[in-house]
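Descriptive analysis of the structure
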Amino acid sequence: MPKLVKDGVIVDDQWQVLPKPEADESLNVPAGQFIVPLSVWLAQQDKLQARDDIGVWLDADEAAEQIGAKANTLPVIAVNFPTFMDGRAFSTARLLRERFGFTGELRAIGDFMRDQLCYLSRCGVNAFQFADAELDLTEEVKSLNDFTEYYQACVNQPIPLFRRRNP
Amino acid sequence: MYIYDEYDHTILKQRVAQFRDQTRRYLEGSLSEQKFLPLRLQNGLYVQRLAPMLRINVPYGMLNTTQLRRLARITRDYDKGYCHVSTRQNIQFNWPALERVPDILQELSEVEMHGTQSSGNCVRNITSDQFAGVAPDEIIDPRPYCEIIRQWASFHPEFAFLPRKFKIAISGSVSDRAAIAIHDIGLQLVKNEAGEIGFKVMVGGGLGRTPVIASVIREFLPEAHILTYIESIIRVYNLHGRRDNKFKARIKILVRAMTPEAFAEAVEQDWAHIKDSPSTLRPEDITRAKAFFTEPAYETIDDAAAQTQLDTLRADNIAFGKWLTRNVRAHRVPGYASVTLSLKPTGIAPGDITDTQLETIAELADEYCFSEVRTTHEQNIVLADVKKSDLFSVWQAAKKAGFATPNIGTLTDIICCPGGDFCSLANAKSIPIAEAIQRQFSDLDYVYDLGDLDVNISGCMNACGHHHVGHIGVLGVDKKGEEWYQVMLGGNSGNSASLAKVLGPAFSAEQMPSVVQNVVDTYLEHRNEEELFIDTYNRIGLTPFKERVYAKAS
């Protein structure tokens, strides 16, 4: 079974990510735990929302608002990196946590890299599905704690350092 | 000046360790070139034409003498014995070995310095007025706010992979010396009618291939809200800025596409959610930041007596008098003045400084200026707090060390990027053009009589030499493999910021000194008494310059 870094440890990945369907193709989501594209979830909400084994993934150009208040009906939301240089997922993750109060698994998928783990986790991402199955996750996970102290507020530390210094 | 505590040291140590490991993984081949690129850039490391270049932040231009001496040591031990003051008040090393950069960063961290976010698509070093805290026209000292924003922006987890680089500048005085209108965010400290402190907020300024003057999106933002408000600005940019085309990725393009009004509205909408969050500054947070920027131990001085003494010395010594006029400026405290040490003697690349010169400046600052100096975006170094009674001694020492060229703000105080001699982005060399112009105008008295005249040179359209806002701007361009130079006139980086207009077809390097001479001659022909170049230009326009330059050149 594919592996995943979740909450700092390496675990079996119970979920499968379904790719975006080709244009005009309506995707039939089979039984099982699937993370479906936003477009599929929006198009088939009536059907999919009845299930508790469906997650949704957002591409970089898709907004947290498109899930919005329904975030907490989902067990898992994933944010995709088309390339590691595309930093929109950092904002999207933070908005899902802070603005929409999402408490489930928030997963990074796509072309992110280990050197982004620490910042991603600060933005509320708690699961990392690396695209390259050959990677030694025990090595990759070391970057998760590159920093243990931070200046600014974020999901993992909502109180900025200036307030903690001067309580 | 800000002093690190345990928190700052912990964070910076972790950063050095992180980059040391990234460099190790790159060198051993487990981290690809492509993925190492943004990581090294965010630690200040470029790979240049001849060697790597390492850019070190000088937060809002402030340096103490311990730091100056450490920089001197690094240029000696890791480089070729000189470094460069950049047009963003930073220090650049031109020849470090990539594998030794972690050691350099470690040495810097010991004196509270680093290259974090000095490059890359992230929030860069915050710049400000080199005369902050001492300028007579200051409304509010910008430095405490610079430091608050610096800490907020440092290692910001959400904004490390923006569409493009992001630059913030703050001015706290009537006269804008920080060129805030050409920054991604420009902040002007102001007081409202009730006497409360806040910011006028501008966004979307910038130079580069699409030069734009920033738009004001908020006339008065109370100081308490500065962090949350800029967080919203950058979030809107991070989510909506273009990522498909590097040349259209700056916030200025987004602001223009949305219109400043719609952009401001999007910011307000995001901000409504975080407005009173814990990142809101309490009065005690601002007080704490201000406590790092208290006055040095100024003496009580009879200003009139000090001035009389100075006037006597000036009367006896014309060279000293000229230096006083050009390189020394008024200070808000009686009996004190601010001195600009010129890093622009003819024949030296503008902003270059050697290890021993750094140490000489450290000695001067220890003796005469409370052990602090400032770097300027015009690529000079300022001793901000010198007693008037010490000016003659400072002048003599500066003259001996080669820093007393009385050319600050004049035609030979050229702002110049490293250009094609060093930079892999450049289309053309810029340093030899600066030098040729300096040689053309080697008569100091002549230059002195011309008065304020900004000449800004960039080796490519990235505009590190700020050519669009020079009174005379020069842009290096590539035409079929040859280096040519486009000349533009009438730019201005101050309060009435304006962009220069292109004079006409480009010139060869050889033509440049005579082209500038023709521009200056045209100015002198039309000048009314002591009128400044920019005022003459604004009065008579481009045409007389154009006619003269192209009549002679053809």
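Thresholds, definitions, all that
Residues numbered from 1 in each chain as written. Chains lettered and ligands numbered in written order. Predicted model: local features only at pLDDT ≥ 70, side-chain atom pairs only at ≥ 80, totals over all residues. Helix = DSSP H or I, 4+ residues; strand = E, 2+ residues; numbered from the N terminus. Contact = placed C-beta atoms within 7 Å. Domains from an automatic or database assignment. Nonpolar A, V, L, I, M, F, W, Y, C, P; charged D, E, K, R; others polar. Pairing = 2+ DSSP bridges. Axes fitted to C-alpha atoms, helices over the stretch in contact; angles between N-to-C directions. Buried ≥ 20, exposed ≤ 12 C-beta atoms within 10 Å, placed from the backbone. pLDDT = per-residue confidence, 0-100. Core = buried A, V, L, I, M, F, W, Y, C linked by C-beta atoms within 7 Å.

With respect to the environment of B:H225
Residue and element names in this part refer to chain B. Positionally, H225 belongs in the loop between β10 (215-222) and α6 (226-240). Sequence-wise, H225 and Y2 are 223 residues apart; in three dimensions their C-alpha atoms are separated by 22 Å. Non-local contacts of H225, meaning those with residues more than four positions away in its chain, are made with K275 and T280.

Remarks on the domain arrangement of chain B
Often the size quoted for an interface is simply the accessible area lost on bringing the parts together. All names here are of chain B. When cut into domains, chain B gives domain 1 (6-110), domain 2 (135-291), domain 3 (303-401) and domain 4 (415-553). The centre of domain 1, based on its C-alpha atoms, is set 27 Å off from the matching centre of domain 2. Residue-level contacts link 4 residues of domain 1 with 5 residues of domain 2. A per-class count over the side of domain 1 that touches domain 2 returns 3 nonpolar, 1 polar and no charged.

Observations regarding the sheet that holds strand β7 (residues 168-171) of chain B
All names here are of chain B. Read across the sheet, 5 strands follow the order β6-β7-β8-β9-β10 without closing on themselves; strand pairing throughout is mixed. Lying at the two open borders of the sheet, with one neighbouring strand each, are β6 (127-128) and β10. Where β7 meets strand β8 (residues 185-191), 4 bridges bridge the pair, whose relative direction is parallel. Within β8, the residue paired with A169 across the bridge is G186. Contacting β6, β7 and β8, helix α5 (residues 143-153) runs over the sheet at an angle of about 160 degrees to β7.

Re unusual backbone geometry
All names here are of chain B. A positive phi angle, near 65 degrees, is found at E112, a position not held by glycine. Looking at where E112 falls in the secondary structure, it is placed in the loop between α4 (101-110) and β6. By the C-beta count within 10 Å, which is 18 here, E112 ends up partly exposed. Its identity is not glycine, yet T259 carries a phi of approximately 80 degrees, on the positive side. When you line up the elements, T259 lands in the loop between α7 (251-258) and α8 (260-274). The exposure class of T259 is exposed, given the 11 C-beta atoms found within 10 Å.

Observations concerning the interface of chain A and chain B
Taken together, the contact pairs 31 residues of chain A with 30 residues of chain B. When contributions to the side of chain A that touches chain B are tallied by element, the ones reaching two or more residues are α3 (88-98), α4 (117-122) and α6 (161-165) of chain A. When the residues that make up the side of chain A that touches chain B are grouped by side-chain class, the tally is 16 nonpolar, 5 polar and 10 charged.

Some points on the confidence of the model for chain B
Close reading of the predicted structure is inappropriate where its pLDDT is low. Of the residues in chain B, 99% have a pLDDT of 70 or more, and the chain-wide mean is 94. Here the prediction assigns the complex a pTM of 0.92, and the interface score ipTM is 0.97.

Considering the nonpolar core
Counting 205 residues, the largest nonpolar core has A:I77, B:V203 and B:L383 as its most contacted members. By residue number, the principal contributor to this core is α6(B), which donates 9 residues. In this structure, A:I77 is in contact with A:G55, A:V56, A:L58, A:I67, A:A71, A:L96, A:F102, A:G104 and A:L106, ignoring residues within four places of it in sequence.

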